[in-house]
Amino acid sequence: AAATAPSLNVQFNKPLDSAAESLVRAIDLNPTSADAHRALASWMTEDTTRSPASTVSRVWRRAVSLAPQDSSLRYELVNAVGFELRHTMASTAEDRPEAKLKTLRKRWLAALRSVSELEGGKYSPNVFNNLGTAFRLVGKDRASVRAYRRAASLLTPLHAGLQPDAPSPEMLRDAMAQLSA
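Residues numbered from 1 in each chain as written. Predicted model: local features only at pLDDT ≥ 70, side-chain atom pairs only at ≥ 80, totals over all residues. Heavy atoms only, no water.

Q: I keep staring at the overall build of the protein chain and nothing clicks. Help me out?
A: From N to C terminus, the protein chain includes 8 helices and 2 strands. Shown N-terminal to C-terminal, the secondary structure of the protein chain runs as helices and strands in the order β-β-α-α-α-α-α-α-α-α. Burial statistics for the protein chain: of 181 residues in total, 38% are counted as buried. When contacts within the protein chain are restricted to residue pairs at least 6 apart in sequence, long-range pairs at least 24 apart make up 44% of them. (Helix = DSSP H or I, 4+ residues; strand = E, 2+ residues; numbered from the N terminus. Buried < 20%, exposed > 50% of the residue type's maximum accessible area, 1.4 Å probe, protein only. Contact = heavy atoms within 4.5 Å.)

Dropping the structure here:
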């Protein structure tokens, strides 16, 4: 029999083990704890058969809403919404109404935009590649091309062994020469 977590309005596909029951109880005791929501969402993410993808996404969204400054939660939300979108796209036609796909595409785009503004996200080719895909999925072709270009520009210095926006080897040599003079 499937288990539920009424305080979270969450349905699980399988009965909860004692560890999961403890995680749900922690949220019942402190419903505003981002850490408790992170722990439950992480447990759910470890085995995608435990809960529907939409449920996992919802718990990650709640964690982010409780601690919006926590960048690691935002990255997890991107992954969860992306997984939910891919899962829904792979479903049969009657299980994936266009309105649901549209909502998920927009949700994934919003999560990616949020991550692209983070210090680490600004320099991540993967973030901008995914952002290009998300823009394409919502029909924003020009924004998609810009995001793909940004991803490509970030890849070039990484393949050369440099950090994005790092000074060129020539600039470093000139700076060293000036310091030793």
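There is more to say after this.
Q: Quick question: what am I supposed to make of helix α2 (residues 34-46) here?
A: Each turn of an α-helix holds 3.6 residues, which means side chains three or four residues apart point in the same direction. With 13 residues, α2 extends 18 Å between its outermost C-alpha atoms, agreeing within 8% with the 18 Å of an ideal straight helix rising 1.5 Å per residue. On its buried face, α2 is in contact with β2 (10-11), α1 (18-29), α3 (53-66) and α4 (71-89). (Expected span 1.5 Å × (residues − 1).)

Q: Where do I start with the environment of G132 in this structure?
A: Structurally, the position occupied by G132 is in helix α6 (residues 125-137). Relative accessible area serves as the criterion here: at 0%, G132 is assigned to the buried category. Linking G132 and Y148, residues 16 residues apart in sequence, is a C-alpha distance of 5.2 Å. Discounting residues that sit within four places of it in the chain, G132 has contacts with S144, A147 and Y148.

Q: What's the story with the environment of L101 in this structure? I'm lost.
A: Position of L101 relative to the elements: it lies in helix α5 (residues 98-116). A residue is classified by how much of its surface remains accessible, and L101, at 3% relative accessible area, is buried. Considering only alpha carbons, one finds L101 and E84, 17 residues apart in sequence, at a separation of 9.7 Å. Those residues within four positions of L101 in sequence are excluded, and the remaining contacts are L85, T88, M89 and R96.

Q: Explanation requested: the nonpolar core in the structure shown.
A: It is characteristic of soluble globular proteins that their nonpolar side chains tend to be buried jointly. Residues F12, L40, W43 and M44 are the most contacted members of the largest nonpolar core, which totals 43 residues. Looking at this core, the elements with two or more residues in it are α1, α2, α3, α4, α5, α6 and α7 (141-159). The biggest single contributor to this core is α5, with 7 residues. Residue contacts for M44: discarding those within four places in its chain leaves V10, F12, R50, S51, T55, V56 and V59. (Core = buried A, V, L, I, M, F, W, Y, C linked by side-chain atoms within 4.5 Å.)

This is a description of form; function is not addressed.
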